[in-house]
Amino acid sequence: MSRPQPSAKALDLARQVLRIEAEAVLALSERLDGAFLEALALILNCRGRVVVSGMGKSGHIARKLASTLASTGTPAYFVHPAEASHGDLGMITRDDVLIALSNSGESAELLTIVPIIKRQGGKLISMTGNGRSSLALTADIHLDAAVAQEACPFNLAPTASTTAALALGDALAVALLDARGFGRDDFARSHPGGALGRRLLTHVRDVMRSGSAAPHVRPETPLAAAILEMSRGGIGMTTVVDEQQRVIGIVTDGDLRRAFARNLDLRTLSTADIMGRRPHTITPEKLAVEAVEMMENFKINQLPVVDEESRLLGALNMHDLFQAKVI
């Protein structure tokens, strides 16, 4: 049996899907109104937690919204509406705010639990595609997530509607983030694991080489001795410091290559003869990712680490950042 193959119109269809979904999201941005601000105020003044719920595809979007809220400073969790009818409703209190997602606004599972939550004093924000639906009319605040059409050729499968709900949920989460003054450090505390956590939590002081591991010489040091210090340090450079341990220069592998290219007699030179003056430096409290950005911007592979008075505290190179998995 022959396997089905994509037809020539597949790319055209895919582009049409993307256009329809993009237009749906753009239309949402133009319809945002005071209801959105009311929803923000309700959540910001919530004494409990935000509970997000939805069935089917809307349930998947609801799970994502709960996760995004929780990771950006708004305590939130997902409750499956069918499970809520069989005991999980006890997780929701009168101090909570429920965000219910349903494109039709007629999800039976949601409409079963909503009256109970409302009776005990909980507040309801609905996000639907039908402002006249039962869920929209029952809600304290309704957020309009309607779309002109689904991207499905039969206008049936949830496509543009779920994309619109996802985008509207993200808009809500980011607006809440901003209103709470949620910053980079707060974000890092919510994401301690993985690459994101490493980028946000790792500081230069955590990865720099310090003490004897940070190679350094004086400007009058014979260049031959400086080369030995570079070899000992193993990071492709040595800093040059004055009597107060202030960094006044740097000698890198590149400086040595340029000296060779000029046919200089390295045996007769001092470190000051070839060092780069006023090198780029970084302080230990900076994020390691900022060190990466400096190295990329200035096309260098090493950085001396200094205090506020330019005294040498340590050094690091690109390999140290690779090992720390910051890059």
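In the block above lies the structure referred to throughout.
Analysis parameters
- Every chain's residues receive numbers from 1 upward, in the order its sequence appears when written.
- Per-residue local features are limited, in this predicted model, to residues with pLDDT of at least 70; the limit for side-chain atom pairs, both in listing and counting, is 80 or more; totals at the level of whole chains, interfaces and linings are taken over all residues.
- Here the side-chain values reflect all heavy atoms present in the structure, with hydrogen atoms and water set aside.
- Note on conventions: DSSP H or I runs of at least 4 residues are helices, E runs of at least 2 residues are strands, and numbering of each starts at the N terminus.
- Relative accessible area decides the class of each residue, using a 1.4 Å probe on protein chains only: under 20% of the type maximum gives buried, over 50% gives exposed, and in between gives partly exposed.
- Salt-bridge detection follows one rule: a side-chain nitrogen of Lys or Arg within 4 Å of a carboxyl oxygen of Asp or Glu.
- Whether two strands pair depends on DSSP finding at least two bridges between them.
- Seen with the strands pointing away from the viewer, any crossover whose path from the first strand over the helix to the second strand runs clockwise is right-handed.
- Every axis corresponds to a line fitted to the C-alpha atoms, with the helix fit spanning only the stretch in contact, and the corresponding angles, defined between N-to-C directions, vary from 0 to 180 degrees.
- A contact between two residues is defined here by any heavy atoms of the two lying within 4.5 Å.

With that settled, the discussion passes to unusual backbone geometry. Generally, phi is negative for residues other than glycine and the peptide bonds are trans, each holding for most cases. Residues other than glycine seldom take positive phi values, yet Q245 does so here, at roughly 65°. Mapping Q245 onto the fold places it in the loop between β8 (237-241) and β9 (247-252). Positive phi, close to 70°, is recorded for S310, a residue that is not glycine. On the secondary structure map, S310 appears in the loop between β11 (302-306) and β12 (312-317). A relative accessible area of 33% places S310 in the partly exposed class.

All chains considered together, the criterion is met by 14 salt bridges. D144 serves as the salt-bridge partner of R31, at 3.0 Å between the closest nitrogen and oxygen. Of this pair, R31 sits in helix α1 (residues 10-31) while D144 sits in strand β5 (residues 141-144), placing them 113 residues apart in sequence. Of the residues examined, R31 reaches a relative accessible area of 33% and is grouped as partly exposed. Taking the relative accessible area as the measure of exposure, D144 reaches 35% and is therefore partly exposed. The network of salt bridges with shared partners includes R218, E220 and E243.

Within a regular strand, side chains alternate between the sheet's two faces. A large share of β8 lies buried, amounting to five of its five residues. Taking every second residue as pointing to the same face, both faces of β8 are buried, with M237, T239 and V241 on one and T238 and V240 on the other. Examined bridge by bridge, strand β7 (residues 216-217) and β8 share two bridges and lie parallel to one another. When the sheet's bridge partners are listed, V217 is paired in β8 with V240. Handedness of the β-α-β unit built from β7, helix α11 (residues 223-233) and β8 comes out right-handed. Counting the residues between successive antiparallel strands, the hairpin from β8 to β9 contains five residues, one of them, Q245, with a positive phi of roughly 65°.

What follows deals with the sheet that holds strand β3 (residues 97-102). One open sheet accounts for five strands, arranged β2-β1-β3-β4-β5; its pairing is parallel. With one partner strand each, in any of the chains shown, β2 (76-78) and β5 form the two edges of the open sheet. Put simply, the sheet's adjacent strands are angled 20° from each other on average, direction ignored. Here strand β4 (residues 123-128) runs beside β5; their pairing, made up of four bridges, is parallel. Paired with M127 across the strands is L143, a residue of β5. Along the sheet, helix α2 (residues 34-44) makes contact with β1 (50-54), β3, β4 and β5, crossing β5 at roughly 130°. Across the face of the sheet, helix α5 (residues 108-119) comes into contact with β1, β3 and β4 while running at roughly 160° to β3.

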